[in-house]
Amino acid sequence: MAKKERASNGTSGGSSSSGGSGGSDGSPLSSPEEIAPDPFIETDAVASVRDRITGWLEADQPVHLIGPTGCGKTALALSAAAKRGRPVVWINGDEAVGTAELVGTHSGGERYEERDQFVSGVSKTTEVVRERWVDNPLSVAVKEGATLVYNEFSRSDPSAHNVLLSVLEEGILERPGKHGEDRTIDVHPEFRLLVTSNDVEYAGVHEQQDALLDRFVGVNVDYYDAETEREIVAAHVDVPEETIEQVVDAIRTLRDELDVVVGTRAAITAAEGLSVFAEDGAEEFGDELLVDVFTDVLAPKIAGEGDGIDELRDAISDAL
Ligand SMILES: Nc1ncnc2c1ncn2[C@@H]1O[C@H](COP(=O)(O)OP(=O)(O)OP(=O)(O)O)[C@@H](O)[C@H]1O
């Protein structure tokens, strides 16, 4: 198998669940060691942007990491969060994320009986239903002083994020729906927020409130230099150096020439494909195999576009 053994932490395929996976006890909290991406390549380019992120977090600034699909935002965010050495809570933005998914909700009732003994032989039993409150990632993170990594945050409905304003501005989290004195939580001084957005979706999917976006510093990232991309692909796929070079050269050409987004993940997938489809032990590949593999890898980006596949194959063939 060409795929290198690695710990699974959601950075290679993108997690689809909204809630953080967290630790094995069902808590959304993970230790820094658990979420640190592995493998994680740290060339100068990678370290410099990761250190910008950790620097801003140290300065107590919420960070918005913005960049194109598959450029390494999630890996950077998790690496920066792990570097802080605080527990980490992870959440993935999507349409289903509302205020309750962030702050918590009542999860049914707990029944118990209260017994009043009036006089000897006369008693009354009352069944009481007590609502049980379950915290969700944001509440857990602000209580524990964790780093909240909120991936693809612009995919969630902006109204879900109203609660973030008072967290960032006043250091208070309100839990709508929760009754009693502990309806609000004082934000732990070590709590930090790190959100990521795809640069297209940042403006496109849901326009987030300016009042909220203004409170973040924005760190913009792009695809890495060729040497960094080669090292990343080599860290994920066990193929000869020549194959890595050929794949990364091709990916960078296609990125410039095609209308579809061609990320570093596509390079990793193509290298995995080539290692399976190539003749045994081949280090370089014929044009036809390259075109086939890249067409398959990039096809999902134009799914449902009629003649799209033929056009994509021709464009890839012309570019390579
Ligand atoms: N520094 C790195 N070291 C090792 N692998 C990396 C590094 N940066 C990115 N990768 C790998 O490249 C691929 C894309 O990275 P990642 O998922 O972080 O990108 P992304 O920008 O978050 O993507 P998307 O926009 O699709 O969510 C993943 O397989 C990831 O493991």
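Residues numbered from 1 in each chain as written. Predicted model: local features only at pLDDT ≥ 70, side-chain atom pairs only at ≥ 80, totals over all residues. Heavy atoms only, no water.

1. Topic: the overall build of the chain
- Tallying secondary structure elements over the chain gives 13 helices and 10 strands in all.
- Put simply, of all contacts in the chain between residues at least 6 apart along the chain, 75% involve residues at least 24 apart.
- On the chain, roughly 16,100 Å² of surface is accessible, and the fraction owed to carbon and sulfur atoms is 44%. (Helix = DSSP H or I, 4+ residues; strand = E, 2+ residues; numbered from the N terminus. Contact = heavy atoms within 4.5 Å. Areas by Shrake-Rupley, 256 points an atom, 1.4 Å probe, with all protein chains shown as cover.)

2. Some details on the packing of helix α10 (residues 241–257) against helix α12 (residues 287–298)
- It is the contact of α10 with α12, at a shortest axis distance of 12 Å, that shows an interaxial angle of 60°. With respect to their mutual orientation, α10 and α12 come out oblique. Between α10 and α12 lies a crossing whose hand is right-handed. Contacts between α10 and α12 involve Gln246, Val247, Ala250, Ile251 and Leu254 on the former and, on the latter, Leu290, Phe294 and Leu298.
- Its residues assigned to classes, the contact of α10 with α12 shows seven nonpolar, one polar and no charged. (Axes fitted to C-alpha atoms, helices over the stretch in contact; angles between N-to-C directions. Parallel < 35°, antiparallel > 145°, perpendicular 65-115°, else oblique. Left-handed = near helix turned anticlockwise from the far one by under 90°. Nonpolar A, V, L, I, M, F, W, Y, C, P; charged D, E, K, R; others polar.)

3. Comments concerning unusual backbone geometry
- A cis amide bond links Asp38 to the next residue, Pro39, at an omega of 5°.
- The residue Pro39 is located in the loop between α1 (32–35) and α2 (44–58) in this model.
- Phi at Asp60 is positive, roughly 60°, even though this residue is not glycine.
- Looking at the element boundaries, Asp60 is found in the loop between α2 and β2 (63–67).
- Relative accessible area serves as the criterion here: at 46%, Asp60 is assigned to the partly exposed category.
- In this model, Glu152 sits at a positive phi of 50°, which is unusual for a non-glycine residue.
- Here Glu152 lies in the loop between β6 (147–151) and α6 (162–170). (Buried < 20%, exposed > 50% of the residue type's maximum accessible area, 1.4 Å probe, protein only.)

4. Considerations on the nonpolar core
- Grouped together as the largest cluster of nonpolar side chains are 53 residues, with contacts concentrated most on Ile53, Leu76, Val233, Val247, Phe294, Leu298 and Ile316.
- Among the domains, domain 1 (29–103 + 135–220) and domain 3 (226–319) are the pair contributing at least three residues each to this core.
- Grouped together as the second largest cluster of nonpolar side chains are 26 residues, Leu138, Val140, Val163 and Leu164 included. (Core = buried A, V, L, I, M, F, W, Y, C linked by side-chain atoms within 4.5 Å. Domains from an automatic or database assignment.)

5. Structural notes on the packing of α10 against helix α11 (residues 264–277)
- It is the contact of α10 with α11, at a shortest axis distance of 10 Å, that shows an interaxial angle of 135°. Relative to α11, the element α10 lies oblique. The crossing of α10 and α11 is right-handed. The segment α10 lies against α11, with Val247, Ile251 and Arg255 engaging Thr264, Ala266, Ala267, Ala270, Ala271 and Leu274.
- Class assignment for the residues of the contact of α10 with α11 results in seven nonpolar, one polar and one charged.

6. Side note on the pairing of strand β9 (residues 192–198)
- Among the seven residues of β9, seven are classified as buried, and the element is accordingly described as predominantly covered.
- Burial along β9 is two-sided: the face carrying Arg192, Leu194, Thr196 and Asn198 and the face carrying Leu193, Val195 and Ser197 are both buried.
- The pairing of β2 with β9 spans five bridges and is classified as parallel. What sits directly across from His64, in β9, is Val195.
- Relative to β9, β6 is paired through four bridges, and the arrangement is parallel. Paired with Leu148 across the bridge in β9 is Leu193. (Pairing = 2+ DSSP bridges.)

7. As for the confidence of the model for the chain
- Looking at the chain as a whole, its pLDDT mean stands at 85, while 84% of the residues score no less than 70.
- Note that residues 5–18 has pLDDT below 50 and, in this model, 28 contacts with residues that lie over four places away or in other chains.
- What the predictor reports for the complex is a pTM of 0.85 with an ipTM of 0.99. (pLDDT = per-residue confidence, 0-100.)

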